[in-house]
Amino acid sequence: MSFWRIIFNSIRQHIGSSILAVVSIWLGVALLIAVFSLREQTHKTFTEIGTGIDAVLGPKGSPLQIVLNAVYHLEEMPGKLKWTYMKEVEKSPIVVEAIPFCTGHSYAGYRVNAIDRRFLTDFEYMPGHKFSFAEKEGGQGRPFNEAKEAVAGWEVAKKLHIKLGQTFNPVCGVKSGDPIHVNDFIIFVGILAPTGTPHDRAIYFPLTTFYGLEGHGAATAKMATDEKYREISGAYLKIKRIRGGAMHPGVQDLKFGIDQSTEAQLVIPREVLPRLFSIIGWVDYVFIAVSFMVLALAGMFLFVALLSALRQRRRDMAIMRCLGATRRTVFGLVLSEALIICIIGGLLGLVFGHILVGIGAEQMKAETGIQFSGFYICIIDYLLLPALFVIGILTGLIPAIQAYRMGVLRNLLPIS
Amino acid sequence: MKNNIAIVLLSLAVVVLGILLLVPKQQNQKNCEPEGKHKAYHEGSLNAITQCENGHFEIKVVDDSLEGWFVGGGQDTNRAVRVSSDKIELTVFLPDGTNKELLLTASPLNLAGEKNGDCSHFTAAAPWLSDIKTFQATGKINFKGKWQPLIIQYPEGYDRD
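Residues numbered from 1 in each chain as written. Chains lettered and ligands numbered in written order. Predicted model: local features only at pLDDT ≥ 70, side-chain atom pairs only at ≥ 80, totals over all residues.

Within chain B one finds one helix and eight strands. Written out in order from the N terminus, the α and β elements of chain B read α-β-β-β-β-β-β-β-β. Per-residue burial for chain B yields a buried fraction of 29% across its 161 residues. (Helix = DSSP H or I, 4+ residues; strand = E, 2+ residues; numbered from the N terminus. Buried ≥ 20, exposed ≤ 12 C-beta atoms within 10 Å, placed from the backbone.)

This is the structure in structure tokens:
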């Protein structure tokens with residue numbers, strides 16, 4: 001009987017505990033893969049998306065809140081900003097472009113942002129990538145030209161089954177129960193091609209539409225015509241680039257100047273997002289710690305299963321030794337059994353972990369706007385095989401040593 | 001007994017493996033300021049006005065021009081402090097033992113709503129500035145409503161404490 005055949009038979013003899021050990025390792029590894037994959041993808045997505053928007057000019061308040069609202073269409077803007085102030089900032093020689101926007105409206109749970117038309121035509125949401133309406137890329141229609149026209153992000157259009165020519169009434173607010181602008185019918189004239197960014201999760205209409213919505217009052221309506229009174233939620237800024245594509249270093253002086261004002265601040269998403277990760281970082285560690293504990297439990301379970309299997313097979317081992325098997329052979333048999341169970345469980349966990357991320361990706365994208373992929377290779381994928389070897393050896397070592405030191409004569413006696 | 005020890009060792013090994021994976025993430029703190037040092041927001045040199053907690057004058061020399069910002073004390077070096085002067089006279093002590101006079105004029109930060117006489121930003125230009133790498137300077141400034149000595153050590157910065 002070959003070495004591998006003996007191992008296979010041994011596993012079959014205690015199939016119940018072997019399957020349980022495989023399943024527990026499988027689940028531990030799957031959990032680890034899912035946690036690390038989501039963690040890395042979230043980090044990557046948050047830091048990369050920030051590259052399209054060099055800076056956000058916003059009102060005084062929490063910089064994190066401004067980034068979450070302006071870039072990720074979450075939260076609410078802490079206040080308003082004067083249009084004239086934005087125009088002053090735009091005059092700075094290092095500001096290439098300023099795209100004003102107004103947030104605070106919604107439709108069917110998605111944000112409706114009033115924004116300058118240049119956002120749809122000129123703005124690069126990521127370096128070298130502008131919004132597209134081309135059908136071959138998944139878009140439809142055109143940018144808005146008139147006051148009562150709107151453009152839907154790809155994700156919104158897909159979820160709400162939006163068709164060109166369809167109308168909607170924006171909600172004045174972002175919470176359920178906020179009043180609806182019942183007499184304002186906005187028509188969809190375009191659907192953006194998918195970008196894989198949170199911009200897919202919003203609806204855009206012109207700034208003039210925002211000021212002219214019924215129920216906003218005379219003061220707001222006046223903002224449409226008189227720039228002196230006009231207010232905005234903020235503006236996306238494109239900063240001049242220097243050699244190597246880096247942002248002009250003068251942005252820090254610009255930020256310093258704006259931050260000293262009483263009405264505005266300049267927020268650089270790339271600086272704010274690491275703070276977000278430092279705030280929520282402990283949640284990551286809790287998940288990772290739980291995953292490791294599950295894996296540790298799986299390892300211990302395997303260890304106990306191997307020990308009990310060894311006790312049951314003491315006589316078999318003694319007979320094998322009588323038939324010519326060396327001490328090293330029985331040592332190798334037990335260790336290989338542990339390694340095989342670990343590797344089978346680990347590989348199943350690897351596949352299942354990625355399937356888990358893939359299945360959850362759609363749901364998480366709808367909730368957070370972040371594009372996740374089940375095919376993303378994270379650090380655990382690289383470390384998995386060596387780690388499984390280590391766990392296999394650690395769990396199998398002591399049972400293997402016990403098998404190695406087992407007395408032949410004493411164990412030849414029938415167990416019963 | 002042996003089995004119990006083995007279980008404990010096994011658990012420890014898995015925990016150590018987990019910690020090893022996490023350690024590189026913990027060390028990503030290169031942006032942290034060295035302990036006891038304040039951040040020069042404009043990457044210039046911070047000169048404490050009498051004492052660190054009171055305020056700072058951050059200066060930066062590029063070619064033949066000098067820029068200076070009055071900023072807060074302690075960790076508030078990202079907050080401008082406006083002064084009522086529109087000119088500051090400095091006596092600059094050069095490494096070769098000679099002295100020079102340098103006049104800093106107010107250059108209000110428009111976006112902060114500053115104006116002459118209520119300004120935190122000052123500039124000066126002199127051809128000899130581009131020739132020197134290090135200097136000391138003294139002057140006086142009405143800072144936070146009180147005339148206080150202004151001592152500058154460039155590029156290392158001044159802090160009496």
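Next comes the rest of the description.
Each helix and strand in chain A was counted, giving 14 helices and 14 strands. Since a compact globule built from 416 residues should have a radius of gyration of about 22 Å, the 31 Å found for chain A marks it as more spread out than a globular shape. Viewed in the frame of its principal axes, chain A has a C-alpha envelope of about 100 × 45 × 40 Å. Counting every position in chain A, which comprises 416 residues, the buried fraction comes to 44%. (Rg over C-alpha atoms; globule rule 2.2 N^0.38 Å.)

All names here are of chain B. Within strand 3 (residues 65-71), five of the seven residues are buried, leaving the element largely enclosed by the surrounding structure. Pairing between strand 2 (residues 56-62) and strand 3: seven bridges, direction antiparallel. What sits directly across from His 56, in strand 3, is Val 71. Taken together, strand 2 and the strand that follows it, strand 3, pair antiparallel across an intervening segment of two residues, in which Asp 63 is found at a positive phi of about 55°. (Pairing = 2+ DSSP bridges.)

With that settled, consider the sheet that holds strand 4 (residues 87-93) of chain B. The pairing of strands in a sheet comes from backbone hydrogen bonds and takes either a parallel or an antiparallel form. All names here are of chain B. Judged by pairing direction, the sheet is antiparallel, and its eight strands sit side by side in the order 1-2-3-6-5-4-7-8 without closing on themselves. In the strand order of this sheet, the two ends are held by strand 1 (45-48) and strand 8 (146-154), each with one partner. Here the strands of the sheet are splayed against their neighbours by 25° on average, with no regard to which way each runs. (Axes fitted to C-alpha atoms, helices over the stretch in contact; angles between N-to-C directions.)

On to the packing of helix 10 (residues 269-312) of chain A against helix 13 (residues 379-404) of chain A. Residues and elements named next belong to chain A. The interhelical angle for the contact between helix 10 and helix 13, taken along N-to-C directions, is 20°, at an axis separation of 9 Å. As far as their axial angle goes, helix 13 and helix 10 are roughly parallel. Crossing geometry of helix 10 relative to helix 13 is assigned as right-handed. Touching Gly 299, Leu 302, Phe 303, Leu 306, Leu 307 and Leu 310 of helix 10 are Ile 391, Leu 394, Thr 395, Gly 396, Pro 399, Gln 402 and Ala 403, all from helix 13. Residues belonging to the contact of helix 10 with helix 13 are distributed by class as follows: nine nonpolar, four polar and no charged. (Parallel < 35°, antiparallel > 145°, perpendicular 65-115°, else oblique. Left-handed = near helix turned anticlockwise from the far one by under 90°. Contact = placed C-beta atoms within 7 Å. Nonpolar A, V, L, I, M, F, W, Y, C, P; charged D, E, K, R; others polar.)

On to the environment of B:Glu43. Along the polypeptide, B:Glu43 turns up in the loop between helix 1 (2-26) and strand 1. In the structure, B:Glu43 is positioned 34 residues away from B:Thr77 in sequence and 11 Å away in space, judged by C-alpha atoms.

This paragraph deals with helix 13 of chain A. Think of an α-helix as 3.6 residues a turn; residues three or four steps apart then line up on the same face. With 26 residues, helix 13 of chain A extends 36 Å between its outermost C-alpha atoms, agreeing within 8% with the 38 Å of an ideal straight helix rising 1.5 Å per residue. Roughly 40° is the biggest bend found in helix 13 of chain A, and it falls at A:Leu397, with proline A:Pro399 one to four residues downstream. (Expected span 1.5 Å × (residues − 1). Bend = angle between axes of the 7 residues up to and from the residue.)

Residues and elements named next belong to chain A. Two elements in contact, helix 3 (residues 63-70) and helix 10, have axes whose closest approach is 10 Å; the angle formed by their N-to-C orientations is 105°. In terms of orientation, helix 3 lies roughly perpendicular with respect to helix 10. Packed against helix 3, whose contacting residues are Pro 63, Leu 64 and Val 67, the element helix 10 presents Pro 269, Val 272, Leu 273, Arg 275 and Leu 276 at the interface. Residues of the contact of helix 3 with helix 10, tallied by class, amount to seven nonpolar, no polar and one charged.

Residues and elements named next belong to chain A. Take Glu 90: it is sitting in helix 4 (residues 83-90). Of the residues examined, Glu 90 has 15 C-beta atoms within 10 Å and is grouped as partly exposed. As a C-alpha pair, Glu 90 and Leu 237 span 147 residues in sequence and 8.4 Å in three-dimensional space. Residues contacting Glu 90, with those up to four places away along its chain left out, are Val 95 and Ala 98.

This brings us to the confidence of the model for chain A. For chain A, the average pLDDT comes to 88, and 97% of its residues sit at 70 or higher. Per-element confidence in chain A is highest for strand 8 (residues 149-152) of chain A, whose mean pLDDT is 97, and lowest for helix 14 (residues 408-412) of chain A, whose mean pLDDT is 76. (pLDDT = per-residue confidence, 0-100.)

This part covers the confidence of the model for chain B. All names here are of chain B. On average, residues of chain B carry a pLDDT of 84, and 77% of them reach 70 or more. The spread of mean pLDDT over the elements of chain B runs between helix 1, the lowest at 58, and strand 6 (residues 121-125), the highest at 96. Between residues 24-35, whose pLDDT stays under 50, and residues either more than four places distant or in other chains, the model counts one contact. The complex model carries a pTM of 0.73, and its ipTM stands at 0.76.

Cis peptide bonds are those with omega within 30 degrees of zero, and the linkage from B:Tyr154 to B:Pro155 qualifies with 5°. Among the secondary structure elements, B:Pro155 is positioned in the segment after strand 8. With phi around 55°, A:His73 is a residue other than glycine that occupies positive phi space. Judged by the 22 C-beta atoms lying within 10 Å of it, A:His73 falls in the buried class.

On to the pairing of strand 2 of chain B, then. Where strand 1 of chain B lies against strand 2 of chain B, four bridges are found, and the strand directions are antiparallel. Paired with B:Leu46 across the strands is B:Glu58, a residue of strand 2 of chain B.

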